[in-house]
Amino acid sequence: MRAGYSGIGRQRPASFAQRHAPVELHIAPTRRSMSGPVDFGQRGMAMTDVRRGRCLCGAVRFSAQGKPDWVGICHCESCRRATGGIVTAVAGYPRERVQFEGEQHRIYESSPGVRRGFCARCGSSLTYEGARWPDDVHVLVAAFDRPEDFPPQVHVFATECVSWLKLRDNLPRFRTFPSEGTLLPPMSEV
Ligand SMILES: [Zn+2]
Ligand SMILES: [Zn+2]
């Protein structure tokens, strides 16, 4: 187990050097690319652990098997506009572990290689897919029936966070994605 963070409820103190060490992982660390100072914990799956969710009107329903690979909070302007939320929490799953039922959700390509899924009937934001993570789907935590089951582990695009929002946590914050962004001081030190 490498030093770092293992979830909001299981944080261990990390030194400044650990928190600001060079980072190699993606916000969506695939099974191949997991590395860096952020420990996303056990990613095994129990077949009985099914997490369900739906859009606001219920036309689109989905289920995800097991724990997500990671959970992050995105502060970027695109997510803000797409979801209407001032932050957007997303849970990264391998594509094969997420099943949809009911009506087919629609896709809006918000930029080249970025596909945002939403309910065509009620407009709820449901998913994010990026070409850089072809095997994964990021499911919006707010669409799950029990979002409290998805404590975040990391902030991304932290520099786009609205100035009046003060989240006093100790989670690592990245300027963009962990794979390419600068690690910023935690919110509690800003
Ligand atoms: Zn709907
Ligand atoms: Zn975003």
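Treat the numbers as computed from the prediction; the structure is a model and nothing was measured.

### Some words on the overall build of the chain
Secondary structure assignment for the chain yields two helices and twelve strands. Along the chain direction, N to C, the helices and strands of the chain fall in the order α-β-β-β-α-β-β-β-β-β-β-β-β-β. When burial is assessed residue by residue, the chain has 38% of its 190 residues classed as buried. For the chain, the proportion of contacts with a sequence separation of at least 24, taken over those separated by at least 6, is 57%.

### Here's the deal with the pairing of strand 4 (residues 88-94)
Extensive coverage of strand 4 is indicated by the burial of seven of its seven residues. Of the pairings in the sheet, the one linking strand 3 (residues 70-74) to strand 4 comprises five bridges and is antiparallel in character. Its bridge partner lying in strand 4, Cys74 is registered against Thr88. For strand 4 and strand 9 (residues 136-140), the ladder comprises five bridges, and the chain directions are antiparallel.

### Things to note about the environment of Arg61
Topologically, Arg61 is positioned in strand 2 (residues 60-65). Remark: the alpha-carbon pair of Arg61 and Leu126, spanning 65 residues in sequence, is separated by 9.6 Å. Residues contacting Arg61, with those up to four places away along its chain left out, are Arg54, Glu101 and Gly102.

Procedures and definitions
- Every chain is numbered on its own, with residues counted from 1 as its sequence reads.
- To read the labels, note that chains go from A and ligands from 1, taken in the order they are written.
- Residues qualify for local features only when their pLDDT is at least 70, as the model is predicted, and side-chain atom pairs are given and counted only at 80 or more; totals for whole chains, interfaces and linings, by contrast, use all residues.
- Strands are runs of DSSP state E lasting at least 2 residues, helices are runs of H or I lasting at least 4, and numbering of each runs from the N terminus.
- In this scheme the burial state of a residue depends on its C-beta neighbours within 10 Å: 20 or more other such atoms mean buried, 12 or fewer mean exposed, and anything in between means partly exposed; the C-beta positions come from the backbone.
- Here, residues touch in the contact sense if the C-beta positions derived from the backbone fall within 7 Å of one another.
- A pair of strands counts as paired when DSSP detects no fewer than two bridges linking them.

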